Amino acid sequence: MLDKARLPGVHARDDVTCPYCFAVVPLQRVRFRCRGQAGRRPGCAPVLDQRLADYTGSTAGASLPPVFSASGRRSRAACPDCGQETGSRVCPECHNPLPSAYCDSPGRIVALVGAKNAGKSTYIAVLLHELMNRVGTELDASLVACDDRTIERYKRDFARPLLEERRLLPTTTSAATSPREPLVYLLTRSRGGGRFARSRNDSLALVLFDTAGEDLRSREVRDLHLRYLEAADAIIFLVDPLELPGARAEVADGLPPPTTSEDPDSEPINIIARVTEALRERNGTKPGDRLRVPVAVALTKIDALRPGLLKQSALRRTRDGVGVLDLDDREAVDEQVRAMLHDWQAGRLDLYLRQQYAEYALFGLSALGGIPHDGKVGAGGVRPYRAEDPLLWLLYRFGMLDGARPGSGRFGRRAAGM
Ligand SMILES: Nc1nc2c(ncn2[C@@H]2O[C@H](COP(=O)(O)OP(=O)(O)O)[C@@H](O)[C@H]2O)c(=O)[nH]1
Ligand SMILES: [Mg+2]
Ligand SMILES: [Zn+2]
Ligand SMILES: [Zn+2]
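Residues numbered from 1 in each chain as written. Chains lettered and ligands numbered in written order. Predicted model: local features only at pLDDT ≥ 70, side-chain atom pairs only at ≥ 80, totals over all residues. Heavy atoms only, no water.

A few points about the overall build of the chain
Looking only at helices and strands, one finds twelve helices and 18 strands in the chain. Counting every position in the chain, which comprises 418 residues, the buried fraction comes to 52%. Within the chain, contacts between residues separated by at least 24 positions form 73% of all contacts whose residues are at least 6 apart in sequence. Of the roughly 19200 Å² of accessible surface on the chain, 50% is carried by carbon and sulfur atoms. (Helix = DSSP H or I, 4+ residues; strand = E, 2+ residues; numbered from the N terminus. Buried < 20%, exposed > 50% of the residue type's maximum accessible area, 1.4 Å probe, protein only. Contact = heavy atoms within 4.5 Å. Areas by Shrake-Rupley, 256 points an atom, 1.4 Å probe, with all protein chains shown as cover.)

Structure representation (structure tokens):
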């Protein structure tokens, strides 16, 4: 039913999917939030925003200038109470902010999924940092948090412990005790045009839920999660290779055995199958039809594999940072990861993906770049390796990044006119 909307580029122009509650709302119905008073500027006083409080599960931070209705097609509207113009649009259902760039070119939602201990929290911390720094610069892309809570939580729960204090992140606590809201970012790329042609902005919403495995057993959280996955225009699945049956032998010496192997929720194929079945059911996908949503399946922690295994392999090369997707490299990595899966008696994972998804791509990455010890990141600090690869492929899939083969004219130059 949603198949059409899933194809990149054919979003109905008039609908926007809220990246917080995943309601699909006509642009016209998007509401505004008054700018409020500030300094000597007059404006409406803050009031408790009950809808927002219901969403976050707390009244903290929910005292804000009021929300009002006006045509959500416009980028600005005047508050009926104080007369001030505002450009802050919000979701009519949950009252979370919908940035202009998101309303104007309904961003594609990218979702992240993985079993317990797959490396999700670590990956979130590192990927966002890479996008805000090195990779962002390479791509001429900006990553902007869509709300203040996202900024605070990223700093407090991800960046500070892992990147500054170099401590491993604690196991994600269940949503029963911590908020169930996602971190929401807009990744925007200005493209093309040279000096005189009109440049175009393309955006992508990264919606990251850092859920605990057991949350998927609770009905309410599962429901939000399913809406999230259903709304997603692309899914990144993280798979811990150390959980694959045949991979243990390939692990570098001195690594403790995985602690969660007894838990069916840590079995990569179980999680992927559960998500896939839920998606099929929700979409009413006919048996035999494959799901259209592109999926990137990434093996995490590849630093933990024996160095000999990776020597001379495609995965070992570093990607040239040239602001394009190296298509040769992409194919080589895809092939290598597929071969590893088959070697590790995890060929059925590959087979399953092929049966269920019209398009999937395989990746290998390391968020930490080395094996952690005693709850701390290894001596060299956090040195991510190919962490951005799945995202680059998705940008390419969405037409936000060019692909090129080494040796072709496009390769090695950042962009025409530069
Ligand atoms: N060697 C290695 N271990 C990692 C890496 N990322 C995560 N880990 C390990 O995997 C554990 C679980 O990671 P975490 O991100 O908390 O997983 P989550 O449960 O999916 O959020 C961490 O405590 C680390 O010990 C990595 O890039 N390399
Ligand atoms: Mg976690
Ligand atoms: Zn919403
Ligand atoms: Zn007002």
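Digging into the nonpolar core
Membership of the largest hydrophobic core comes to 110 residues, with the highest contact counts inside it found for Leu 128, Ile 235, Phe 237 and Leu 299. With seven residues, helix H4 (residues 120-132) is the single largest residue contributor to this core. Mapped onto the domain boundaries, this core takes at least three residues apiece from domain 1 (3-102) and domain 2 (107-404). Contact partners of Phe 237, with chain neighbours within four places excluded, come to Val 113, Ile 272, Val 275, Val 295, Ala 296, Val 297, Ala 298 and Tyr 357. Counting six residues, the second largest nonpolar core, distinct from the first, contains Phe 32, Cys 44, Phe 68 and Cys 79. (Core = buried A, V, L, I, M, F, W, Y, C linked by side-chain atoms within 4.5 Å. Domains from an automatic or database assignment.)

So, the sheet that holds strand S6 (residues 67-68)
As summarised here, the arrangement of the three strands in space is S6-S3-S9, forming an open sheet in which the pairing is antiparallel. Each end of this open sheet is capped by a strand with a single partner; those strands are S6 and strand S9 (89-90). Relative to S6, strand S3 (residues 31-33) runs antiparallel, the two being bridged by two bridges. Across the sheet, residue Phe 32 finds its bridge partner in S6, namely Phe 68. (Pairing = 2+ DSSP bridges.)

Observations concerning the coordination of the zinc ion (ligand 4)
The coordination sphere of the zinc ion (ligand 4), as far as protein atoms go, consists of Cys 34 (SG), Cys 44 (SG), Cys 79 (SG) and Cys 82 (SG), spread over 2.3 to 2.4 Å. Considering all four donor atoms around the zinc ion (ligand 4), angles at the metal cover 99 to 118° and the coordination shape is tetrahedral. Mapping the donors of the zinc ion (ligand 4) onto the primary sequence yields the spacing C-x9-C-x34-C-x2-C. One end of the pair, Cys 34, is in the loop between S3 and strand S4 (47-48); the other, Cys 79, is in the loop between strand S7 (77-78) and strand S8 (85-86), with 45 residues separating them in the sequence. Both residues of the pair, Cys 34 and Cys 79, belong to the buried class. (Donors = N, O, S within 2.8 Å, 3.2 Å for Na, K, Ca; no water. Tetrahedral: all angles 85-135°; square planar, octahedral: opposite > 155°, others 65-115°.)

Looking at the site of ligand 1
Neighbouring ligand 1 are 18 residues; Asn 117, Lys 120, Ser 121, Thr 122 and Asp 303 lie closest to it. Within the backbone of Lys 120, a nitrogen or oxygen atom sits 2.8 Å from an oxygen atom of ligand 1. Partitioned by chemical class, the residues of the shell around ligand 1 number seven nonpolar, seven polar and four charged. (Near = heavy atom within 4 Å. Polar contact = N/O pair within 3.5 Å; in protein donor to acceptor, adjacent residues only side chain to side chain. Nonpolar A, V, L, I, M, F, W, Y, C, P; charged D, E, K, R; others polar.)

Thoughts on helix H8 (residues 268-283)
Over its 16 residues, H8 runs 23 Å from end to end, which matches the ideal 22 Å to within 8%, given 1.5 Å per residue. For H8, the set of buried residues is Pro 268, Ile 269, Ile 271, Ile 272, Ala 273, Val 275, Thr 276, Ala 278, Leu 279, Arg 280 and Asn 283. Gly 284, located one to two residues past H8, shows a positive phi value of around 65°. (Expected span 1.5 Å × (residues − 1).)

Quick word on the pattern of salt bridges
A complete count under the given rule lists 23 salt bridges for this structure. The salt bridge partner of Glu 130 is Arg 134, with a shortest N-O separation of 2.6 Å. On the basis of relative accessibility, which here comes to 43%, the residue Arg 134 falls in the partly exposed class. Residue Glu 331 pairs with Arg 405 through a salt bridge whose shortest N-O separation is 2.9 Å. Of the two residues, Glu 331 is situated in helix H10 (residues 327-343) and Arg 405 in the segment after strand S18 (403-404); the sequence distance between them amounts to 74 residues. For Glu 331, a relative accessible area of 43% gives the class partly exposed. Several salt bridges share partner residues, and in doing so they unite Arg 330, Asp 334, Glu 335, Arg 338, Asp 350 and Arg 354 into one network. (Salt bridge = Lys/Arg side-chain N within 4 Å of Asp/Glu carboxyl O.)

Some words on the packing of H4 against helix H6 (residues 148-164)
Here H4 crosses H6 at 90°, and the two axes come no closer than 10 Å. As the angle between them shows, H4 and H6 are arranged roughly perpendicular. In this structure, H4 uses Ser 121, Thr 122, Ile 124, Ala 125, Val 126, Leu 128, His 129 and Met 132 to contact H6, whose residues at the interface are Tyr 154, Phe 158, Leu 162 and Leu 163. Grouping the constituent residues of the contact of H4 with H6 by class yields nine nonpolar, three polar and no charged. (Axes fitted to C-alpha atoms, helices over the stretch in contact; angles between N-to-C directions. Parallel < 35°, antiparallel > 145°, perpendicular 65-115°, else oblique.)

Observations regarding helix H12 (residues 389-397)
Within H12, seven of the nine residues are buried, which leaves the element mostly enclosed by the surrounding structure. Taken as a whole, H12 has its buried residues at Asp 389, Pro 390, Leu 391, Leu 392, Trp 393, Leu 394 and Leu 395. Positioned one or two residues after H12, Gly 399 has a phi angle of 75°, which is positive.

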